[in-house]
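For reference, the chains in residue letters:
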Amino acid sequence: MSATFPPNLGSVATVRGSVVDVRFDGRLPPIYSVLRAGVENKIIIEVLAQSDARHVRGIALTPTQGLARGMVVTDTGGPLKAPVGKATLSRMFDVFGTAIDRKPAPVDVQWRSVHRAPPPLARRSTKSEIFETGIKVIDVLVPLERGGKAGLFGGAGVGKTVLLTEMIHNMIGHQQGVSIFCGIGERCREGEELYREMKAAGVLPNMVMIFGQMNEPPGSRFRVGHTALTMAEYFRDDEHRDVLLLIDNIFRFIQAGMEVSGLMGQMPSRLGYQPTMGTELSGLEERIANTDTGAITSIQAVYVPADDFTDPAAVHTFAHLSASIVLSRKRASEGLFPAIDPLQSSSKMATPGIVGERHYALAQEIRRTLAQYGELKDIIAMLGLEQLSPEDRKVVVRARLLERFLTQPFFTTEQFTGLTGKLVSLKDALDGCERILHDEFKDYPESGLYMIGPISEAKGKPKPVPAAAPAQPDTKPEVKAHPKPADKDKPAATPDVKTQQKLKTESETNPKVEHEPVAQAQVKAVPVSSLPETKPQPKDEHADVAHAS
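First, a word on scope: everything that follows refers to the structure included in this document.

In contact at an axis separation of 9 Å, helix α10 (residues 357–383) and helix α11 (residues 390–405) are set at 115 degrees when each is read in the N-to-C sense. Considering their axes alone, α10 and α11 lie roughly perpendicular with respect to each other. Judged by the twist between their axes, the crossing of α10 over α11 is left-handed. On the side of α10, the interface is formed by Ile 366, Thr 369, Leu 370, Gln 372, Tyr 373, Leu 376, Lys 377 and Ile 380, while α11 contributes Asp 392, Val 395, Val 396, Arg 398, Ala 399, Arg 400, Leu 402 and Glu 403. Taken together, the residues that form the contact of α10 with α11 break down as 9 nonpolar, 2 polar and 5 charged.

Of note, Lys 160 is situated in helix α2 (residues 160–174). Asp 248 provides the closest opposite charge to the buried, unpaired Lys 160, separated from it by 6.8 Å. One polar contact links the side chain of Lys 160 to the main-chain carbonyl oxygen of Gly 155, over a distance of 2.7 Å.

Read across the open sheet, the 8 strands follow the order β8-β14-β13-β15-β16-β12-β17-β18; overall the sheet is mixed. Of all strands in the sheet, those with a lone pairing partner are β8 (92–93) and β18 (346–347), marking the two edges. Pairing of strand β17 (residues 323–326) with β18, which is carried by 2 bridges, proceeds in the antiparallel orientation. Across the sheet, the residue bridging to Ala 323 is Ser 347, located in β18. Lying over the sheet, helix α3 (residues 188–201) contacts β8, β13 (178–184), β14 (207–212) and β15 (243–248), oriented at roughly 170 degrees with respect to β14.

Another aspect to go through is the packing of helix α4 (residues 218–237) against helix α5 (residues 250–263). Packed helices, taken two at a time, are described by the angle their axes make and the gap between the axes. It is at 8 Å that the axes of α4 and α5 come closest, and there the two elements cross at 135 degrees. Of the possible angle classes, the one that applies to α4 and α5 is oblique. In this structure, the crossing between α4 and α5 has a hand that is left-handed. On α5, the residues that touch Pro 218, Gly 219, Arg 221, Phe 222 and His 226 of α4 are Phe 253, Ala 256, Gly 257, Glu 259, Val 260 and Leu 263. Here the residues of the contact of α4 with α5 sort into 6 nonpolar, 3 polar and 2 charged.

Structurally, the position occupied by Ala 13 is in strand β1 (residues 8–16). Ignoring sequence-local partners within four residues, the contact set of Ala 13 consists of Asp 21, Val 22, Arg 23, His 55 and Arg 69.

Tallied over the entire structure, the rule returns 35 salt bridges. For Arg 189, the salt bridge identified is with Glu 190, shortest N-O distance 3.9 Å. Residue Asp 307 is joined to Arg 329 by a salt bridge in which the shortest nitrogen-to-oxygen separation is 2.9 Å. Taken together, the residues Asp 307 in the loop between β16 (296–303) and α7 (312–318) and Arg 329 in helix α8 (residues 329–333) connect sequence positions 22 residues apart. By relative accessible area, which is 39% here, Arg 329 ends up partly exposed.

Taken as a whole and judged by the stated rule, the model has 2 cavities of 30 Å³ or more. Put simply, the second largest cavity is a space of about 30 Å³. If you trace the second largest cavity, you find it lined by Leu 144, Glu 145, Gly 148, Lys 149, Ala 150, Thr 297, Ser 298, Ile 299 and Ser 322. Within the residue set of the lining of the second largest cavity, elements represented by two or more residues are β11 (144–145), β12 (149–154) and β16. In terms of residue count, β16 provides more of the lining of the second largest cavity than any other element does, 3 residues in total. Its residues assigned to classes, the lining of the second largest cavity shows 3 nonpolar, 4 polar and 2 charged.

Parameters at a glance
- Residues numbered from 1 in each chain as written.
- Predicted model: local features only at pLDDT ≥ 70, side-chain atom pairs only at ≥ 80, totals over all residues.
- Heavy atoms only, no water.
- Axes fitted to C-alpha atoms, helices over the stretch in contact; angles between N-to-C directions.
- Helix = DSSP H or I, 4+ residues; strand = E, 2+ residues; numbered from the N terminus.
- Parallel < 35°, antiparallel > 145°, perpendicular 65-115°, else oblique.
- Left-handed = near helix turned anticlockwise from the far one by under 90°.
- Contact = heavy atoms within 4.5 Å.
- Nonpolar A, V, L, I, M, F, W, Y, C, P; charged D, E, K, R; others polar.
- Buried < 20%, exposed > 50% of the residue type's maximum accessible area, 1.4 Å probe, protein only.
- Lys, Arg positive; Asp, Glu negative; His and termini not counted.
- Salt bridge = Lys/Arg side-chain N within 4 Å of Asp/Glu carboxyl O.
- Polar contact = N/O pair within 3.5 Å; in protein donor to acceptor, adjacent residues only side chain to side chain.
- Pairing = 2+ DSSP bridges.
- 1 Å grid on protein atoms, 1.4 Å probe; cavity = no way out; pocket = protein on both sides within 12 Å on 5 of 7 lines; lining within 4 Å.
- Points joined across faces, edges and corners; volume = space filled by probe spheres on them.

Spelled out as structure tokens, the structure:
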């Protein structure tokens, strides 16, 4: 990255944490130039402001330990650069393009600036294609767009990263292009686990990983997204391949920008965010686009602070996405995974012209059913299910079955749940939802549809009660087995005829006349037709006999 002309040298004027002021007596380096300082030039600084005719202010992308006033600073003569080329596949890099997978540095790569303009509108593709994920609730209710941007919104611990890794597992298998995973400000444990999982799944040869972890300075976390996009653009524009770009977590990019802005002394705007947040996010998001040569499809996890979807970070991100998948803490607490809220999630692809009339009508009917169930929940909580009309009861049954059918066991969580992961095609998912809405499974237990793949895997058998109700006389003779314990007790009950007579006289005085037919039913063994009335009663009679004795 060194320049061909004589090096432009400066000296450190001040060091305040990650903020470094450098004095140049010759020419001032332009904005975004990279400076090197320290032992073996290991400290890397990016210029973000020109203070006056002699000083520039930059943010350090590495720890500034050992940096002191008066140290020599070298201007590299260019911006931060990233390696691009086929040699980057199956490798893991940091923000500077250094390999961090304990293997030798890749050879035969080009180095390109990470600061690039989005493709012009004239080169953009206007086709709308569905991108299948194999996850029922997403493919049916929130279809993703090939070449679009989808966001997974949720607070801490609702399953954003699990859902993202499941999508990687499902899509890379039948994805013909290249996959790029970008970890911004997330845990190094997740990166190491992902690398091992992808290697074991055999999909690493078509994958590149770039990480800027949470222990790194804000300047490094702020630029790692640009590095990943530069690599993705090479495969789209030069190799003409489709790229799947996975970002975890885009909120950490905004957060890093907020930290950099604060360090540079800018006045924060609403809720402490940087005043330039919209511009910075747009500069990153607008580079993710469909062109006439290839497409970059992006799936991004978005952390929502304190589950507040009106937070400026979430609001600004919503504007760039073609699909917003909202994860609900309430559904996660009920064990309905993936914990996607179907009523808050939305997709611009869910229109009859793109997904088709049948798919659109089914998705709308599912949303309507779940919305009605949400409105009835308060009534059920206060008055009980029995107070609902028959039609409302049907809606509740359908909604509860749909909720359970839209759960799915994941490949990435097999070791925790013990359930084999399932990949469900869009056709199977739509068929299952349609059959549930037509009440085909109303007699199945709810648990029979929980954590299954296609509807053909429904567990359990339909309850036989409604079908067997008209044929009551045929089924009831088996009930004769129930009074037999009482027959065994007959020797004990025969001496108590006096007490039964006493009960009779009491029942004449008392209005409770039910005991007399009950006692007679017990002794005389009445015909089967009267059994439905008397079946619950023997318990009461024995209790009364016990009290009387």
